[in-house]
Amino acid sequence: MRHAIQEAEDRRYMEIALSLARSAAIAGEIPVGAVVVRSGQIIGTGQNRREADRDPTLHAEIAAIRQAAAFLGDWRLTGCTMYVTLEPCPMCAGALLFSRIRRLVFGCADPKAGACGSLYDLPGDPRFNHKILVRRGILSGECARILREFFQQRRISRRDGRVVEGGRLEID
(Lines give C-alpha, C1' and ligand atoms only; values in the text may rest on other atoms or scores of the structure.)
Protein backbone atom coordinates (compact mmCIF):
# COMPACT_ATOMS: atom_id res chain seq x y z
CA MET A 1 0.00 0.00 0.00
CA ARG A 2 2.74 2.49 0.97
CA HIS A 3 4.61 1.69 -2.25
CA ALA A 4 1.55 2.55 -4.38
CA ILE A 5 1.05 5.82 -2.51
CA GLN A 6 4.73 6.74 -2.94
CA GLU A 7 4.57 5.89 -6.66
CA ALA A 8 1.54 8.14 -7.18
CA GLU A 9 3.18 10.96 -5.21
CA ASP A 10 6.43 10.65 -7.19
CA ARG A 11 4.53 10.80 -10.48
CA ARG A 12 2.46 13.81 -9.37
CA TYR A 13 5.48 15.90 -8.40
CA MET A 14 7.43 14.82 -11.49
CA GLU A 15 4.53 16.10 -13.62
CA ILE A 16 5.01 19.50 -11.95
CA ALA A 17 8.75 19.35 -12.68
CA LEU A 18 7.92 18.53 -16.32
CA SER A 19 5.68 21.59 -16.49
CA LEU A 20 8.60 23.72 -15.30
CA ALA A 21 10.84 22.08 -17.91
CA ARG A 22 8.36 23.02 -20.64
CA SER A 23 8.41 26.63 -19.42
CA ALA A 24 12.19 26.61 -19.58
CA ALA A 25 12.10 25.33 -23.17
CA ILE A 26 9.69 28.05 -24.22
CA ALA A 27 12.10 30.59 -22.70
CA GLY A 28 14.97 29.14 -24.75
CA GLU A 29 16.58 27.34 -21.81
CA ILE A 30 17.51 23.67 -21.73
CA PRO A 31 14.26 22.09 -20.49
CA VAL A 32 14.92 20.91 -16.97
CA GLY A 33 12.54 21.47 -14.07
CA ALA A 34 12.89 20.77 -10.35
CA VAL A 35 10.59 20.70 -7.33
CA VAL A 36 11.45 20.43 -3.62
CA VAL A 37 8.78 18.89 -1.39
CA ARG A 38 8.61 18.59 2.38
CA SER A 39 5.73 16.92 4.22
CA GLY A 40 3.55 17.02 1.12
CA GLN A 41 4.11 20.75 0.50
CA ILE A 42 6.05 22.23 -2.40
CA ILE A 43 8.60 24.58 -0.85
CA GLY A 44 10.83 25.23 -3.86
CA THR A 45 10.65 25.13 -7.63
CA GLY A 46 13.15 25.85 -10.34
CA GLN A 47 13.86 25.68 -14.01
CA ASN A 48 17.05 26.30 -15.92
CA ARG A 49 17.82 30.04 -16.16
CA ARG A 50 21.46 30.05 -17.26
CA GLU A 51 20.75 32.00 -20.45
CA ALA A 52 18.25 34.47 -18.98
CA ASP A 53 20.38 35.33 -15.95
CA ARG A 54 23.76 34.73 -17.61
CA ASP A 55 24.69 32.58 -14.62
CA PRO A 56 26.34 29.20 -15.22
CA THR A 57 25.18 27.94 -11.82
CA LEU A 58 21.48 28.58 -12.38
CA HIS A 59 20.43 25.03 -13.03
CA ALA A 60 16.88 24.04 -12.09
CA GLU A 61 18.08 22.18 -8.99
CA ILE A 62 20.04 25.16 -7.67
CA ALA A 63 17.07 27.49 -8.13
CA ALA A 64 14.76 25.05 -6.33
CA ILE A 65 17.25 24.52 -3.47
CA ARG A 66 17.65 28.29 -3.00
CA GLN A 67 13.89 28.81 -2.91
CA ALA A 68 13.36 25.92 -0.47
CA ALA A 69 16.13 27.17 1.85
CA ALA A 70 14.62 30.68 1.81
CA PHE A 71 11.18 29.22 2.58
CA LEU A 72 12.52 27.22 5.55
CA GLY A 73 14.95 29.91 6.68
CA ASP A 74 17.63 27.24 6.87
CA TRP A 75 20.22 25.77 4.51
CA ARG A 76 19.47 22.29 5.84
CA LEU A 77 16.76 20.72 3.72
CA THR A 78 16.42 17.65 5.92
CA GLY A 79 13.27 15.67 5.30
CA CYS A 80 12.92 17.10 1.79
CA THR A 81 12.63 15.35 -1.56
CA MET A 82 13.87 16.84 -4.83
CA TYR A 83 12.09 15.90 -8.06
CA VAL A 84 14.01 16.76 -11.21
CA THR A 85 13.45 15.82 -14.83
CA LEU A 86 17.13 15.11 -15.63
CA GLU A 87 19.78 13.37 -13.56
CA PRO A 88 21.75 16.05 -11.68
CA CYS A 89 25.24 17.06 -12.81
CA PRO A 90 28.21 17.06 -10.37
CA MET A 91 27.53 20.66 -9.27
CA CYS A 92 23.88 19.95 -8.52
CA ALA A 93 24.53 16.56 -6.93
CA GLY A 94 27.02 18.29 -4.63
CA ALA A 95 24.46 20.95 -3.76
CA LEU A 96 21.94 18.22 -2.94
CA LEU A 97 24.44 16.54 -0.63
CA PHE A 98 25.47 19.74 1.10
CA SER A 99 21.87 20.89 1.56
CA ARG A 100 21.07 17.55 3.26
CA ILE A 101 18.23 16.62 0.89
CA ARG A 102 16.84 13.27 2.09
CA ARG A 103 15.62 11.90 -1.21
CA LEU A 104 16.17 12.52 -4.94
CA VAL A 105 13.74 11.41 -7.64
CA PHE A 106 14.81 12.02 -11.23
CA GLY A 107 13.30 11.30 -14.61
CA CYS A 108 15.89 10.46 -17.24
CA ALA A 109 19.56 9.60 -16.90
CA ASP A 110 22.25 11.91 -18.26
CA PRO A 111 25.01 9.71 -19.70
CA LYS A 112 27.17 12.77 -20.52
CA ALA A 113 27.07 14.64 -17.19
CA GLY A 114 25.00 12.64 -14.68
CA ALA A 115 26.45 12.43 -11.19
CA CYS A 116 23.79 10.28 -9.54
CA GLY A 117 24.61 6.95 -11.14
CA SER A 118 25.58 7.55 -14.77
CA LEU A 119 29.11 9.03 -14.84
CA TYR A 120 29.51 9.41 -11.10
CA ASP A 121 27.47 8.44 -8.07
CA LEU A 122 27.97 11.26 -5.59
CA PRO A 123 24.86 10.45 -3.50
CA GLY A 124 26.13 6.89 -3.01
CA ASP A 125 29.78 7.75 -2.41
CA PRO A 126 30.68 6.40 1.05
CA ARG A 127 33.25 9.17 1.57
CA PHE A 128 30.48 11.73 2.14
CA ASN A 129 28.89 11.90 5.58
CA HIS A 130 25.40 12.39 4.10
CA LYS A 131 23.52 9.86 1.98
CA ILE A 132 20.63 10.56 -0.36
CA LEU A 133 18.02 7.99 -1.26
CA VAL A 134 17.80 7.99 -5.07
CA ARG A 135 14.93 6.85 -7.26
CA ARG A 136 15.56 6.85 -11.01
CA GLY A 137 13.31 6.67 -14.04
CA ILE A 138 10.05 8.31 -12.95
CA LEU A 139 8.32 9.44 -16.18
CA SER A 140 11.68 8.92 -17.90
CA GLY A 141 10.17 8.69 -21.39
CA GLU A 142 8.44 12.06 -21.12
CA CYS A 143 11.50 13.66 -19.48
CA ALA A 144 13.76 12.39 -22.28
CA ARG A 145 11.26 13.36 -25.00
CA ILE A 146 11.14 17.02 -24.00
CA LEU A 147 14.95 17.23 -24.09
CA ARG A 148 15.17 15.37 -27.40
CA GLU A 149 12.56 17.64 -29.04
CA PHE A 150 14.25 20.77 -27.71
CA PHE A 151 17.63 19.83 -29.17
CA GLN A 152 16.09 18.65 -32.46
CA GLN A 153 14.37 22.02 -32.88
CA ARG A 154 17.58 23.82 -32.00
CA ARG A 155 19.58 21.83 -34.58
CA ILE A 156 16.96 22.42 -37.29
CA SER A 157 16.90 26.16 -36.59
CA ARG A 158 20.68 26.43 -36.76
CA ARG A 159 20.95 24.25 -39.88
CA ASP A 160 18.32 26.25 -41.73
CA GLY A 161 19.89 29.52 -40.66
CA ARG A 162 16.61 30.61 -39.10
CA VAL A 163 16.65 32.84 -36.09
CA VAL A 164 14.15 31.80 -33.48
CA GLU A 165 12.56 34.91 -32.00
CA GLY A 166 14.22 35.76 -28.71
CA GLY A 167 16.06 32.45 -28.76
CA ARG A 168 12.82 30.77 -27.75
CA LEU A 169 11.74 27.41 -29.04
CA GLU A 170 8.24 25.96 -29.09
CA ILE A 171 7.67 22.64 -27.26
CA ASP A 172 4.27 20.91 -27.29
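Just so it is clear, the structure is predicted and the values come from calculations on it, not from any experiment. (Residues numbered from 1 in each chain as written. Predicted model: local features only at pLDDT ≥ 70, side-chain atom pairs only at ≥ 80, totals over all residues. Heavy atoms only, no water.)

**Some points on the packing of aromatic side chains**
In plain terms, the rule: Here is the rule: rings of Phe, Tyr and Trp (six-membered ring for Trp) pair when centre to centre is within 6.5 Å. Planes less than 30 degrees apart are stacked, more than 60 are edge-to-face, and the remainder are tilted. Note on exposure labels: buried denotes an accessible area under 20% of the residue type's maximum, exposed denotes more than 50%, and partly exposed covers the range between, all computed with a 1.4 Å probe on protein chains only. In this analysis the charged atom, NZ for Lys or CZ for Arg, is taken to sit over a ring once it is within 6 Å of the ring centre and within 35 degrees of the ring normal.
If you walk through the whole model with that rule in mind, you get three aromatic pairs. Look at Phe150 and Phe151: their rings are 5.1 Å apart centre to centre, the planes differ by 85°, and that puts the pair in the edge-to-face class. By relative accessible area, Phe150 is classed as buried at 0%. Seen from the ring of Tyr13, Arg12 lies directly overhead, with NZ or CZ sitting 4.4 Å from the centre.

**Examining helix α1 (residues 2-26)**
Spelled out, the test is: Where helices and strands are cited, they refer to DSSP runs of H or I of at least four residues and of E of at least two residues respectively, numbered from the N terminus. Multiply 1.5 Å by the residue count of a helix minus one, and that product is the helix's expected span.
For α1, with 25 residues, the first-to-last C-alpha span of 37 Å sits near the 36 Å given by 1.5 Å per residue. Residue Gly28 follows α1 closely and has a positive phi angle near 85°.

**What to know about the environment of Pro90**
Where we set the bar: Residue contacts are defined here by distance: any two heavy atoms, one from each residue, within 4.5 Å place the two residues in contact.
Considering the arrangement of structural elements, one finds Pro90 in helix α4 (residues 90-98). Through-space distance from the C-alpha of Pro90 to that of Tyr120 is 7.8 Å; in sequence the pair is 30 residues apart. Not counting residues within four places of it along the chain, the set of residues in contact with Pro90 comprises Ala113, Ala115, Tyr120 and Leu122.

**Topic: α4**
What α4 keeps buried is the set Cys92, Ala93, Gly94, Leu96 and Leu97. Contacts from the buried residues of α4 go to α3 (60-72), β3 (80-86) and β4 (103-108). Within two residues after α4, Arg100 carries a phi angle of roughly 70°, on the positive side.

**Structural notes on the sheet that holds β3**
Quick note on the threshold: DSSP-based pairing: two strands are paired if at least 2 bridges between them are found. What counts as an axis is a line fitted to C-alpha atoms, over the stretch in contact for a helix, and the angles between N-to-C directions run from 0 to 180 degrees.
On the basis of which strands lie adjacent, the open sheet formed by five strands has the order β2-β1-β3-β4-β5 and mixed pairing. In this open sheet, the two strands that pair with only one neighbour each are β2 (41-47) and β5 (133-136). Here the average twist between neighbouring strands, direction ignored, is 15°. Direction of pairing for strand β1 (residues 33-38) relative to β2: antiparallel, over a ladder of six bridges. When the bridges of β2 are listed, Ala34 appears paired with Gly46. Docked against the sheet, α3 engages β1, β2 and β3, running at close to 145° with respect to β2.

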